[in-house]
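Report on the structure
Each chain is listed here by its residues.
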Amino acid sequence: MTNLLGLSPAALADFFAQRGEKPFRARQVSRWLHQRFVDDVGAMTDIGKPLRERLAGEARIAGPAVIRDSTAADGTRKWLLDAGSGNAVESVYIPEDDRGTLCVSSQAGCALDCAFCSTGRQGFNRNLTTAEIVGQLWHANRTLLAEGASAPWIDHGRPPVTNVVLMGMGEPLANFDNVVPALQLMLDDNAYGLSRRRVTLSTSGLVPLIDRLREECPVALAVSLHASNDALRDQIVPINRKHPLRDLMAACQRYLPAAPRDFVTFEYVMLDGVNDSPAHAAELVALVRDTPCKFNLIPFNPFPGTAFRTSPRTRIVAFQQALQDAGLVATIRKTRGDDIDAACGQLAGQVQDRVKRRLATRIVPAAAARAPGATLLP
Ligand code: SAH
Ligand code: SF4
């Protein structure tokens, strides 16, 4: 049976066309699914009974199964969701004064093996389906509304989730074929109706797929930079060996004319003694000279077994100042939900068939206190 939550706007239209229904049916059903968050075809009261009965026999509305539900002291909410076969992924809701952001996962685990990331440390299990990606948004909205969540925009009739960031577990561009239909639903007026600038995809830098995203569904782009030169980035973001900084910068520049914002966000995790010196900041300024961008400095969030440490606050602030002095916009990301391991890079979920991976502990952060360009591995 088809899970209706996984059908893109075009696929839902096809689904009804194949059954001899008019196009407005698809729009009507889409609103029931993605704006009223029903889980039962029988609840779609403005659809005639014969069609409802037929749908009940041929389709289902299956949201995620929640394994664990935690709320942090700052109101951040994290759901651990079953991904079958012993796998689980996480989804995090971050309420702020003027918005509610959902951090969405795209894969169970991740194959890209960034040294400082707890998801990467687990290895890769599988891609999430479109229904599993959109289901995170459907579930967060549905649950928060049912609980009577209050916020200025909710009180004005908008759903709890106003912004989506694909910054949970997994590399979204490595699951392109399921992620793009999910993005289309996030943007569609008969589904979530979010503007392109309120949907941000974060990638570690899969260059050819950045180009495809530009062509097929440009949303706001964040790129996980984390290093100011190839030698260092080869070590901590291994995909750099395939797509080095020069190619990545060029892809960002190609993306911008199609993007909903006129800058790329560069994420930069602050690792004590690894990438946080004044020399790194100077090198970074030169690197991005021709790429309109903003920097988001992320204090490293530790997880069990990692050898990395967060840069001291004074060094993060000095790094920010160095970027600002060069005319760049640089913010320091506020850590949210760390008491429930919901902060960036702490999402672990669970992956059954763990691929044995190089441990981050093999990288000796102290060795990197040398000049930029110094290699980290013995
Ligand atoms: N795979 C994508 C999106 C998921 S990770 C990507 O890498 O961009 C979202 C962000 O959190 C990325 O910038 C990632 O590098 C960062 N991150 C990973 N582990 C982290 C950690 N332990 N502390 C802080 N940020 C981390
Ligand atoms: Fe994968 Fe992103 Fe983690 Fe790297 S930082 S291992 S790309 S989830």
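The structure displayed is predicted, hence computed values, not measured ones.

1. Brief notes about the confidence of the model for the protein
Mean pLDDT over the protein works out to 91, with 91% of the residues at or above the 70 mark. For residues 353-378, every residue scores under 50 in pLDDT, and the model assigns this stretch 55 contacts once sequence neighbours within four places are set aside.

2. What about the site of ligand 1?
Close to ligand 1 lie 21 residues, the nearest being Gly170, Ser202, Ser224, His226 and Asn301. Contact distances for ligand 1 include 3.0 Å between a nitrogen atom and a backbone N or O atom of phenylalanine 116. Side-chain polar atom of glutamate 171 to a nitrogen atom of ligand 1: 3.4 Å apart, as the coordinates give it. The fraction of the free accessible surface of ligand 1 (530 Å²) that becomes covered by protein chains is 95%.

3. Considerations on the side chain of serine 91
Note on placement: serine 91 falls in strand β5 (residues 88-95). Leave out the neighbours within four places in its chain, and serine 91 touches Arg77, Lys78, Trp79, Leu81, Leu102, Cys103 and Gln136.

4. Structural notes on the packing of helix α11 (residues 278-287) against helix α12 (residues 313-325)
Contact pair α11 / α12: the axes reach a minimum separation of 9 Å and the direction vectors enclose 30°. As α11 runs across α12, the sense of the crossing is right-handed. Where α11 abuts α12, its residues His280, Ala281, Leu284 and Val285 lie against Phe319, Ala322 and Leu323. In terms of residue class, the contact of α11 with α12 is built from six nonpolar, one polar and no charged.

Procedures and definitions
- Residues numbered from 1 in each chain as written.
- Chains lettered and ligands numbered in written order.
- Predicted model: local features only at pLDDT ≥ 70, side-chain atom pairs only at ≥ 80, totals over all residues.
- Heavy atoms only, no water.
- pLDDT = per-residue confidence, 0-100.
- Contact = heavy atoms within 4.5 Å.
- Near = heavy atom within 4 Å.
- Polar contact = N/O pair within 3.5 Å; in protein donor to acceptor, adjacent residues only side chain to side chain.
- Areas by Shrake-Rupley, 256 points an atom, 1.4 Å probe, with all protein chains shown as cover.
- Helix = DSSP H or I, 4+ residues; strand = E, 2+ residues; numbered from the N terminus.
- Axes fitted to C-alpha atoms, helices over the stretch in contact; angles between N-to-C directions.
- Left-handed = near helix turned anticlockwise from the far one by under 90°.
- Nonpolar A, V, L, I, M, F, W, Y, C, P; charged D, E, K, R; others polar.

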